[in-house]
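Remarks on the overall topology
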Amino acid sequence: MIEVKNLYKSFGEHHVLQDISVSFEPGKINLIIGGSGSGKSVLTKCMVGLHPIERGSVKYDGKEFTTMNFKQKKEIRKDIGMLFQASALFDSLTVEENVLFPLEMYTKQTRKEMLERVDFCLDRVNLENANKLYPAELSGGMKKRVGIARAIALNPKYLFCDEPNSGLDPFTGIVIDQLIQEITKEYNMTTIVITHDMNSVMETGENIMFLYQGKNWWQGDNHEIVKADNKELSEFVFASKIMKQFRNA
Amino acid sequence: MITLFENIGAYFILLSRVFKKPDNYKLIFKQTIHEMVSLGIGSLGLIAIISVFMGAVVTIQTATNMNNPLLPGYLVGFATRESFILELAPTVMSLILAGKIGSNVASEIGTMRISDQIDALEIMGVNSASYLVFPKIVASLIFIPIIVIYSMALGIIGGLLVSMYFDGMTLNDYILGIRFDFKMFSITYALIKSVFFAFIITSIPSYFGYYVKGGALEIGKASTKSVVYSSITILIINYLLTQMLLV
């Protein structure tokens, strides 16, 4: 479980996050939604320690993360997998080497064992026969799959996904959502997904947090979001005509 | 002026992270070998062409300006050797490498920064500064002195090739000149300089690449800045080292 309490973050005079308190539960898809510039990415970067926070606390299974030293944070980070918006695969490494990287860095397994784990992870994301390809040779959907395979290589407890289906066609986007959902249930991970995609919100949102002007504006699940009586949330979720029709129906 | 001091401060903060204990020695070693091939061996062709032609030109220019019968014939070979060992091989080649390697390093690390690859390393708990920059610095510290020796040899060979066909001098005079009054300290001096320059050539562009913000345009700017700052730093350090070691 990840617990965020009274978190504040500013860049100069610009207050990006204000008094954010939220819990993300294991085995669930926790979604963070909100308009551009609402602070979604900053919140996740604060949670994983890429941005120092101004005030507040972030706890991983009860352990305070923000006050840890580099070595202690490193131990927590071994349990964190992250899928980036642009996949962030290492360009100079093949698919196999990308997934192998965290294993080589942190495990004492033999080469054979590590390669078996790589094959397992790539099979798990339905990506076979791509081991020797470079990221530049992959499609957007394949890159996301490799990103997921790399993120789960060390069997993480926490999975962060930054817009996992952005730039993908609707079908591939749904496939990636389902994959994240399956992996979350299978390994009982605490998964946090930043998304703009309403398909994902309606399909997978078991715990949805709506960020508005840097504040936790609304929280609920995919059933509650349809009926929510919140002007800003409704304007965001039901922005298009078709979504408005869907709500009214 | 404040920005300059901020940059210098941030550069040293980056260096302090670069020289922290590596996360995995095996991976760092593998990465260092990769960098030696990429940065070092990849530069050999360019350095060979420049050194041979520069050696030939220095020899011709020296010979045409020393046609006084009172000057001994071996002076041309001597001047070529001294020019190459003391200045052209260590300093001019380092300036050329600052352009070639520096822009490569800045754009490579800069691209990794804007495409979140550095964040991905950090999230995995890897000290990205150490993993990315340390192997480059070590590779250049090993390889650039070798390139400098290689350049010295090729520059002198360039002069030798010209001396075989050039009317104003003889091959024997040239060979006598390159052997005349040879001091081993000149090589030591050149190697000391090349070690300093090797550090500058990789660390400054790494700094500009590591802290790049924005997109492709900013990577281009960082790359240009890294070459400019590396070149200026090389010239200043060259002056200081010459003052300390030769005067």
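Residues numbered from 1 in each chain as written. Chains lettered and ligands numbered in written order. Predicted model: local features only at pLDDT ≥ 70, side-chain atom pairs only at ≥ 80, totals over all residues.

1. Topic: the overall build of chain B
- Per the secondary structure count, chain B includes eight helices and zero strands.
- Reading chain B from its N end, one meets helices and strands in the order α-α-α-α-α-α-α-α.
- Expressed as lengths along the three principal axes of its C-alpha atoms, the size of chain B is roughly 70 × 40 × 35 Å.
- Looking at the 247 residues of chain B, the share that counts as buried comes to 43%. (Helix = DSSP H or I, 4+ residues; strand = E, 2+ residues; numbered from the N terminus. Buried ≥ 20, exposed ≤ 12 C-beta atoms within 10 Å, placed from the backbone.)

2. Topic: the sheet that holds strand E4 (residues 55–60) of chain A
Residue and element names in this part refer to chain A.
- With antiparallel pairing, four strands are arranged side by side in an open sheet as E2-E1-E4-E5. Where the open sheet ends on each side, the last strands, each with one partner, are strand E2 (14–24) and strand E5 (63–64).
- Of the strand pairs in this sheet, E4 and E5 are connected by two bridges, and their pairing is antiparallel. Opposite Lys59, over in E5, you have Glu64 as the bridge partner. (Pairing = 2+ DSSP bridges.)

3. Section: the environment of Gly37 of chain A
Residue and element names in this part refer to chain A.
- With respect to the secondary-structure elements, Gly37 resides in the loop between strand E3 (29–34) and helix H1 (40–48).
- What makes Gly37 partly exposed here is the crowd of 13 C-beta atoms within 10 Å.
- Sequence separation between Gly37 and Lys78 is 41 residues, and the spatial gap between their C-alpha atoms is 29 Å.

4. Some points on helix H3 (residues 75–114) of chain B
Residues and elements named next belong to chain B.
- Look at H3: 54 Å from first C-alpha to last across 40 residues, which is about the 58 Å you get at 1.5 Å a residue.
- Along H3, the sharpest change in direction is near 50 degrees and occurs at Phe84.
- Within H3, 29 of the 40 residues are buried, which leaves it mostly tucked inside the rest of the structure.
- Following H3 by one or two positions, Asp116 has its phi on the positive side, about 65 degrees. (Expected span 1.5 Å × (residues − 1). Bend = angle between axes of the 7 residues up to and from the residue.)

5. Considerations on the pairing of strand E8 (residues 190–194) of chain A
Residue and element names in this part refer to chain A.
- For E8, the tally of buried residues reaches five of five residues, placing the bulk of the element in the interior.
- Relative to E8, E3 is paired through four bridges, and the arrangement is parallel. Within E8, the residue paired with Ile32 across the bridge is Ile194.
- Across five bridges, the pairing between strand E7 (residues 158–162) and E8 is parallel. Looking at the pairing, Phe160 lines up with Ile192 of E8.

6. Side note on the sheet that holds E7 of chain A
Residues and elements named next belong to chain A.
- With respect to topology, six strands assemble into an open sheet ordered E6-E7-E8-E3-E9-E10, the strand pairing being mixed. With partners counted over all chains shown, the strands left at the sheet margins are strand E6 (80–83) and strand E10 (215–220), one partner each. Direction aside, the axes of adjacent strands within the sheet are offset by 20 degrees on average.
- With five bridges connecting them, E3 and strand E9 (residues 207–212) associate as parallel partners. Paired with Leu31 across the two strands is Ile208, which belongs to E9. (Axes fitted to C-alpha atoms, helices over the stretch in contact; angles between N-to-C directions.)

7. Examining the interface of chain B and chain A
- Listed per partner, the contact involves 13 residues of chain B and 14 residues of chain A.
- Split by residue class, the side of chain B that touches chain A holds five nonpolar, four polar and four charged. (Contact = placed C-beta atoms within 7 Å. Nonpolar A, V, L, I, M, F, W, Y, C, P; charged D, E, K, R; others polar.)

8. Things to note about unusual backbone geometry
- One non-glycine residue, Asn155 of chain A, adopts positive backbone phi at about 55 degrees.
- Along the chain, Asn155 of chain A turns up in the loop between helix H5 (140–152) and E7.
- Classification of Asn155 of chain A by C-beta neighbours within 10 Å gives exposed; the count is 12.
- Positive phi values are uncommon outside glycine, yet Asp116 of chain B reaches one of about 65 degrees.
- Here Asp116 of chain B is to be found in the loop between H3 and helix H4 (117–123).
- Residue Asp116 of chain B is classed as buried on the basis of its C-beta count, with 20 C-beta atoms lying within 10 Å.

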